[in-house]
Amino acid sequence: MKGSSSDFIIIGGGIVGCAVARELSRYEAKTILLERESDVAMGISGRNSGVVHAGFYVEPGSLKAETNVLGHRMMPKICHDLGVPYREVGKIVVAKNEGEIKDLYKLKDNGDKNGVNELRIIDREEIKKIEPEVEGIKALYSPTSAILDPFLLNIALAENALQNGVRILLNTEVTDIKGKGPFIVKTNRGEFRSEFVINSAGLFSDKIAEMVGIDRYKICPCRGEYHILDKNRRHLIHGMVYPVPPREPGGLGIHLTPTTDDNIFIGPSAEYIEEREDTANTKEIMEKLYSEAKELLPKISKKDFIRSFAGIRPKLIKPDAKKSRDFVIEESIDNFINLIGIESPGLTSAPAIARKVVEIIKRKKRLKKNRKFNPKRKAPVRFSKLSDEEKSKLIQKNPNYGRIVCRCETVTRQEIIDALKNPLGARNIYGVRKRSKATCGRCQGGFCIPKIVEIMEEFYNPSIDDLTLKGNNSRLFIGRTKDLRKND
Amino acid sequence: MKKKFICIVCPNGCEIEVRYSEKRIEKVSGNLCGRGMDYVKRELFSPERSVTSSVEVRNGSLPLVSVKTSKPIPKEKIFAVMDEIASIEVEAPIRIGDVIVRDILGTGADIIATKNVDKRIQS
Amino acid sequence: MIERDVDIAIIGGGPAGLSAAIAAKKSGIDNILLIERNESLGGILNQCIHEGFGIEIFGEALTGPEYMQRFIDKVEQLRIPYMLNSTVLDINRKKHITVCSPEDLIKIKAKAIVLAMGCRERTRGQICIPGTRPSGIYTAGCAQNLINLKNYMVGKRVVILGSGDIGLIMARRFKLEGAEVLAVVEILPYSSGLPRNVVQCLEDYDIPLYLSHTVVDIRGIKRVEEVVIAEVDEKRRPIKGTEKRIECDTLLLSVGLIPENELSKMAGVSLDPITNGSIVNENLETNVEGIFACGNVLHVHDLVDHVTLEAELAGESAAAFVKGELRNESNIKVTAGKGIRYALPHLISGKRDVKFSLRVTYPDRDRKIVVRDGERILKKIPRVRINPSEMIQFNIEKEYLKGVNGLTIELE
């Protein structure tokens, strides 16, 4: 695909790339986002606990702190405009013994320096009032810490950007970059020319930077494993419950995080690994997560797990480093903006990072406002959350709302169809899962996957090879039932 | 030669030991009844199995109809029978008991439908 | 919204629901509603295309679809009302049911409810198998649905975890359709399936059975590429150094069934933590008056014939309840003693014959099941073979139950 040139190419459709895309769509410009997977939110952003941090973990004066605090302030309106679930459930950081209390004060001090209001140190009595099931002697309470649905946010940012004129190309992997403003970005699906390139390629952002001769950044993949608890345990905590962070820069310690779908995430761990895409769960860590979580919340049991997963942090520091490194948000060479090492609080910071990218661009290029920019995107129907009257009205208009496909999460046939009809064109089980929540329940798709496949067949008549779990050769089937015998 | 079987004729599941030569059974022990003896005799010299599977359907409300052999067939012919039914299609409507293939591969057993499949409703 | 009043609402149109409905109708109740979430009646039998159903009830070895059709025909013949594509969203103690159907949201007030929702499968996530999350990992029932009903072959080089009947049946199914089954892996030192199935599904096809083994890793980024199995010790923990890699493209999980009692919990029904099903009395009534349970939602069965008989009792009891004829005098507790995993019903009156259903905790030969009231032994039932995977049922006549204070059932 040669010919017309763009103003901006964004590499990577994770939370940062899509936030940048939306921000750029506020201006009149030709913007293309290139994503190598079959959908947005498939890399680092595909494995996220959805926490909107208030900003007391991050080092004062850093880009992490600046973007965290601003992002936290921007998030409620963004979620409201885009129809993304957002809940200010609060967070407590719990000290289990006397020795940990000073760490609480350190965190509060950090927060104060970062301009985070409303942080309070609370005692055991107040802990019990907020979280009756949690054991602790003192805690730092952050009432404005929040949770959101990170996949719906990522998707909503992309869809809103698309709606406002950004082109989004899935299954498009950048293989090389030539030239220097305009850049020629080579991909497996043709070449693209652009005045600016924004590198938000997550785990591969160092490789992308290398393509234009910037090799001072090396991603050190650090894996975090999680367990997901059944919804029937949601009542055990009210908001987020974290222990005091460990001393070494390996991560935040093992957290209990409720989700906007009423599950609880236990994790993450922190383990430096060799293979940057190795998202396997390991026996040792899974057991450790369980025993440490049980210290915080004695009432959970192994029977409560419905799924485990792992995500990879794009750390810029080696395992033996003493301090964490800051975000890289810089115009490393003319018109090439690198966004590297965007680990936690990356989700919270994303909208603020996007603003910073625009600020950097504005120094070099005049940007004219897009008069037709619409910040709003309609939230998809969540049948399970409607009142009986609303449910009835919908069914009367459309009987596909009256047929439940995913019985664990009460997702209707129409919601599956809508998920498949998504404007990005992502059409696989994970795409349906992120948008409709089907397969996210305790049976993990055992009941509904055959039904979803049937709907896929009816809806767009895919070939057997196109029926995948998460795009890109993750085929569900090897053929029809009789094919192995027919080929004999 | 010696061989052990778990008899499947009734829930007792006797462990039966057989001493045999190429064409004859010499001794049978461990069975609580005569049916067990018949079972091991058949299993040793001419094992048979019922086969259940599915056949592709044309113009049906379902893509497959479940089928079974009308009586057990020689064990060594199972895969050949499976290849045979993989190559055919049957037209809907189908009713339980319909003969899909008569005397499959000369075994004397028919392939019969075990499910009702209506004609597909054209929309 | 539509509002309806029914005498008996039956949740689930599989073998349990069908038989409960027929029994209730035959007991004189007309205002019955059978609620089924799938597109057709028959429940799990639709996809159980193998034989072995109906040996006790009909004296024939039918396939699942043939068995279910007999009951579906009866339901049609008796003109019992049913709804398809209809899912119960909510029930409460007052027996008010909310049903989501293509017609509308329907609010039902029932005098009695029969719970017949069946069960679901234990998943990879629930047993925490380490490794990646590629495509090609299926629970056995899901694969059975895809292969037998949806016309999709899920893989061609399969490893099966779990040697219960479903795993064994699927091993044979794969072989018959031309796939390779590289191993069946079982964590216990014995297969948990019926001996008949071990013979006809594994031995017939030379499929290796690894007892006292489990899957310790799954590898593959997009699709399963290999699994790693290892031997386990007597505490079922993997033994280091015994790992074996098996290249495959499919991992099939047959690791247990769990009665689907989410709705029952909403209605305030108490569950037995061993069976994961309701606590019931000899009428199959739960602790909530007028709510009855039968079939796999009450406890997981091995023979559908037993489901049918159990469901008949539930249907009859529900009908009697509606007619005001059901007396609940069941306050004698039944306890599962040593060697017995669970025994149903949990409560009896001592005034009626009772059919007990139970499972033992380990396999053995030549044992006796003892039913006693304190020190007094009421009955001894000898068994040539006992196996946790084979439900044991026996009757105790009311004569034996006179003056009983509490029953314990145990292995001698």
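In this text, all values refer to a predicted model and were calculated from it rather than measured experimentally. (Residues numbered from 1 in each chain as written. Chains lettered and ligands numbered in written order. Predicted model: local features only at pLDDT ≥ 70, side-chain atom pairs only at ≥ 80, totals over all residues. Heavy atoms only, no water.)

**Looking at the interface of chain C and chain A**
A common measure of how large an interface is: the accessible area buried when the components associate.
Inference 1: Contact with chain C, which involves 55 residues of that partner, is made by 62 residues of chain A.
Inference 2: Buried area between chain C and chain A, both sides added, is near 4800 Å², and the carbon and sulfur share of it is 54%.
Inference 3: Our count for the chain C to chain A interface comes out at seven salt bridges.
Inference 4: Along the contact surface separating chain C from chain A lie 28 residue pairs in polar contact (both at pLDDT 80 or more).
Inference 5: Residue assignment for the side of chain C that touches chain A shows that the elements contributing at least two residues are β6 (87-91), β7 (96-100), β8 (105-115), α3 (124-127), β10 (137-139), α4 (140-148), α5 (165-176) and α7 (262-266) of chain C.
Inference 6: A total of four residues in the side of chain C that touches chain A trace back to one element, the largest contributor, which is α4(C).
Inference 7: Looking at the side of chain C that touches chain A residue by residue, the classes come out as 20 nonpolar, 16 polar and 19 charged. (Contact = heavy atoms within 4.5 Å. Buried area = accessible area lost by both parts, 1.4 Å probe. Salt bridge = Lys/Arg side-chain N within 4 Å of Asp/Glu carboxyl O. Polar contact = N/O pair within 3.5 Å; in protein donor to acceptor, adjacent residues only side chain to side chain. Helix = DSSP H or I, 4+ residues; strand = E, 2+ residues; numbered from the N terminus. Nonpolar A, V, L, I, M, F, W, Y, C, P; charged D, E, K, R; others polar.)

**Section: the pairing of strand β13 (residues 220-229) of chain A**
Regular strands have side chains that alternate between both faces of the sheet.
All names here are of chain A.
Inference 1: Burial analysis of β13 places 10 of its 10 residues in the buried class, which makes it a mostly covered element.
Inference 2: Of the two faces of β13, the one holding Cys220, Cys222, Gly224, Tyr226 and Ile228 and the one holding Pro221, Arg223, Glu225, His227 and Leu229 are both buried throughout.
Inference 3: When β13 meets strand β18 (residues 305-315), the two strands line up antiparallel, connected through 10 bridges. For leucine 229, the partnering residue across the bridge sits in β18 and is phenylalanine 305.
Inference 4: As paired elements, β13 and strand β17 (residues 271-272) share two bridges and run antiparallel to each other. The residue bridging cysteine 222 from the neighbouring strand is tyrosine 272, located in β17. (Buried < 20%, exposed > 50% of the residue type's maximum accessible area, 1.4 Å probe, protein only. Pairing = 2+ DSSP bridges.)

**Quick word on the environment of Lys115(B)**
Inference 1: With respect to the helices, strands and loops of the structure, Lys115(B) is situated in the segment after β10 (111-113).
Inference 2: When its relative accessible area of 6% is taken as the criterion, Lys115(B) is described as buried.
Inference 3: For the pair Lys115(B) and Asp98(B), spaced 17 residues apart in sequence, the C-alpha separation works out to 9.3 Å.
Inference 4: Other than its neighbours up to four places away in sequence, Lys115(B) contacts Leu62(B), Val65(B), Ser66(B), Ile94(B), Arg95(B), Ile96(B), Asn46(C), Pro65(C) and Leu149(C).
Inference 5: Reaching out from Lys115(B), the side chain makes a polar contact with the backbone oxygen of Asn46(C) at a distance of 2.9 Å.

**What about the packing of α4(C) against α5(C)?**
A pair of packed helices is captured by two measures, namely the crossing angle of their axes and the spacing between those axes.
All names here are of chain C.
Inference 1: The N-to-C vectors of α4 and α5 enclose an angle of 35°; their axes lie 10 Å apart at closest approach. Crossing angle aside, the handedness with which α4 passes α5 is left-handed. Listed contacts from α5 to Ala140, Gly141, Ala143, Gln144, Ile147 and Asn148 of α4 are Ile166, Ile169, Met170, Arg173 and Phe174.
Inference 2: In terms of residue class, the contact of α4 with α5 is built from seven nonpolar, three polar and one charged. (Axes fitted to C-alpha atoms, helices over the stretch in contact; angles between N-to-C directions. Left-handed = near helix turned anticlockwise from the far one by under 90°.)

**Describing the sheet that holds strand β1 (residues 2-6) of chain B**
Residues and elements named next belong to chain B.
Inference 1: Here we have three strands laid out as an open sheet, ordered β1-β2-β3, and antiparallel in their pairing. Looking along the sheet, the strands with just one partner apiece sit at the ends: β1 and β3 (25-29). Taking the axes of each pair of neighbouring strands and ignoring which way they run, one obtains an average angle of 20° across the sheet.
Inference 2: Where strand β2 (residues 15-20) meets β3, four bridges bridge the pair, whose relative direction is antiparallel. Bridge pairing in β3 links glutamate 17 to serine 29.

**Things to note about the nonpolar core**
Soluble globular proteins tend to pack their nonpolar side chains together in the buried interior.
Inference 1: By size, the foremost hydrophobic cluster in this structure holds 72 residues, and its most contacted members are Ile416(A), Ile452(A), Phe477(A), Val65(B), Tyr138(C), Phe174(C) and Leu252(C).
Inference 2: Here this core takes six residues from α5(C), the largest share from any one element.
Inference 3: In this structure, Ile452(A) is in contact with Val405(A), Ile416(A), Ile429(A), Val432(A), Ala438(A) and Thr439(A), ignoring residues within four places of it in sequence.
Inference 4: Grouped together as the second largest cluster of nonpolar side chains are 64 residues, Ile8(C), Ile29(C), Ile97(C) and Leu263(C) included. (Core = buried A, V, L, I, M, F, W, Y, C linked by side-chain atoms within 4.5 Å.)

**Focus: empty space enclosed by the protein**
Inference 1: Summed over the entire model, instances satisfying the criterion amount to five cavities of 30 Å³ or more.
Inference 2: If you add up the space inside the largest cavity, you get close to 500 Å³.
Inference 3: Lining of the largest cavity is provided by 30 residues; of these, Arg307(A), Gln444(A), Arg124(C), Pro134(C) and Ile137(C) occupy positions nearest its centre.
Inference 4: For the lining of the largest cavity, the secondary-structure elements that each account for two or more residues are β18 and α11 (429-436) of chain A together with α3 and β10 of chain C. (1 Å grid on protein atoms, 1.4 Å probe; cavity = no way out; pocket = protein on both sides within 12 Å on 5 of 7 lines; lining within 4 Å. Points joined across faces, edges and corners; volume = space filled by probe spheres on them.)

**Describing helix α1 (residues 34-45) of chain B**
Inference 1: The terminal C-alpha atoms of α1(B), which comprises 12 residues, lie 17 Å apart, in line with the 16 Å expected from a rise of 1.5 Å per residue.
Inference 2: Tucked inside the fold, the buried residues of α1(B) contact β1, β2, β3 and β4 (48-49) of chain B together with α6 (195-202) of chain C. (Expected span 1.5 Å × (residues − 1).)

**Topic: the packing of helix α2 (residues 63-82) of chain A against helix α5 (residues 150-163) of chain A**
All names here are of chain A.
Inference 1: At their nearest, the axes of α2 and α5 sit 10 Å apart, and the two run at 65° to each other. In this view, α2 runs roughly perpendicular relative to α5, as classed from their interaxial angle. The two elements α2 and α5 cross, and the hand of that crossing is left-handed. Contact residues: Met75, Ile78, Cys79 and Leu82 in α2; Leu153, Ala156, Leu157 and Asn160 in α5.
Inference 2: Each residue belonging to the contact of α2 with α5 can be placed in one class, and the counts come to seven nonpolar, one polar and no charged. (Parallel < 35°, antiparallel > 145°, perpendicular 65-115°, else oblique.)

**Here's the deal with the sheet that holds strand β11 (residues 157-161) of chain C**
Residues and elements named next belong to chain C.
Inference 1: As summarised here, the arrangement of the five strands in space is β10-β17-β11-β12-β13, forming an open sheet in which the pairing is parallel. Whereas interior strands pair on both sides, the edge strands pair on one side only; in this sheet they are β10 and β13 (209-210).
Inference 2: Two elements, β11 and strand β12 (residues 180-185), share five bridges in a ladder whose sense is parallel. Of the residues in β12, the one forming a bridge with valine 158 is valine 181.
Inference 3: On the sheet, α4 packs against β10 and β17 (250-253) and is oriented at approximately 95° with respect to β10.

**As for the interface of chain B and chain C**
Inference 1: The partner chain C presents 27 residues to the 27 residues of chain B that form the contact.
Inference 2: Each partner contributes to the roughly 2300 Å² buried at the junction of chain B and chain C, and carbon and sulfur atoms together form 54% of this total.
Inference 3: Among the residues chain B hides against chain C, the three largest losses belong to Ile8(B), Thr52(B) and Lys115(B). Together they make up 22% of the total.
Inference 4: One salt bridge in this structure joins Glu66(C) and Lys68(B), with 3.0 Å as the shortest N-O distance.
Inference 5: Here chain B and chain C share seven residue pairs in polar contact (both at pLDDT 80 or more) between them.
Inference 6: Of all elements in the fold, only β5 (52-58), β6 (64-69) and α2 (78-86) of chain B reach the threshold of two or more residues within the side of chain B that touches chain C.
Inference 7: Top contributing element to the side of chain B that touches chain C by residue count: β5(B), with four residues.

**So, the packing of aromatic side chains**
Inference 1: Summed over all chains, the structure comprises 17 aromatic pairs over all chains.
Inference 2: For the ring pair Phe183(A) and Phe336(A), a centre distance of 5.5 Å and an interplane angle of 65° mean the geometry is edge-to-face. Here Phe183(A) is found in strand β11 (residues 183-187), whereas its partner Phe336(A) is found in strand β20 (residues 336-340), with 153 residues between them in sequence. We note that Phe183(A), like Phe336(A), is buried.
Inference 3: Considering the side-chain rings of Phe58(C) and Phe71(C), the 5.9 Å spacing of their centres and the 55° angle between planes classify their relative orientation as tilted. You can see Phe58(C) sitting in the loop between β3 (51-53) and β4 (62-63) and its partner Phe71(C) sitting in helix α2 (residues 64-77), a full 13 residues away along the chain.
Inference 4: When its relative accessible area of 29% is taken as the criterion, Phe58(C) is described as partly exposed. (Phe/Tyr/Trp six-rings, centres within 6.5 Å; stacked < 30°, edge-to-face > 60°.)

**Looking at the domain arrangement of chain B**
Inference 1: Here the domain parsing of chain B yields domain 1 (2-46) and domain 2 (52-113).
Inference 2: Look at where the C-alpha atoms of domain 1 of chain B and domain 2 of chain B centre, and you get two points 31 Å apart. (Domains from an automatic or database assignment.)

**With respect to the state of the cysteines**
Inference 1: Here the structure, examined in full by the defined rule, presents zero disulfides over all chains.
Inference 2: No disulfide involves Cys443(A); its nearest neighbouring cysteine sulfur is the one of Cys408(A), lying 3.8 Å away.
Inference 3: Judged by relative accessible area, which is 8%, Cys443(A) ranks as buried.
Inference 4: No disulfide involves Cys142(C); its nearest neighbouring cysteine sulfur is the one of Cys443(A), lying 8.2 Å away.
Inference 5: By relative accessible area, which is 4% here, Cys142(C) ends up buried. (Disulfide = S-S within 2.5 Å.)

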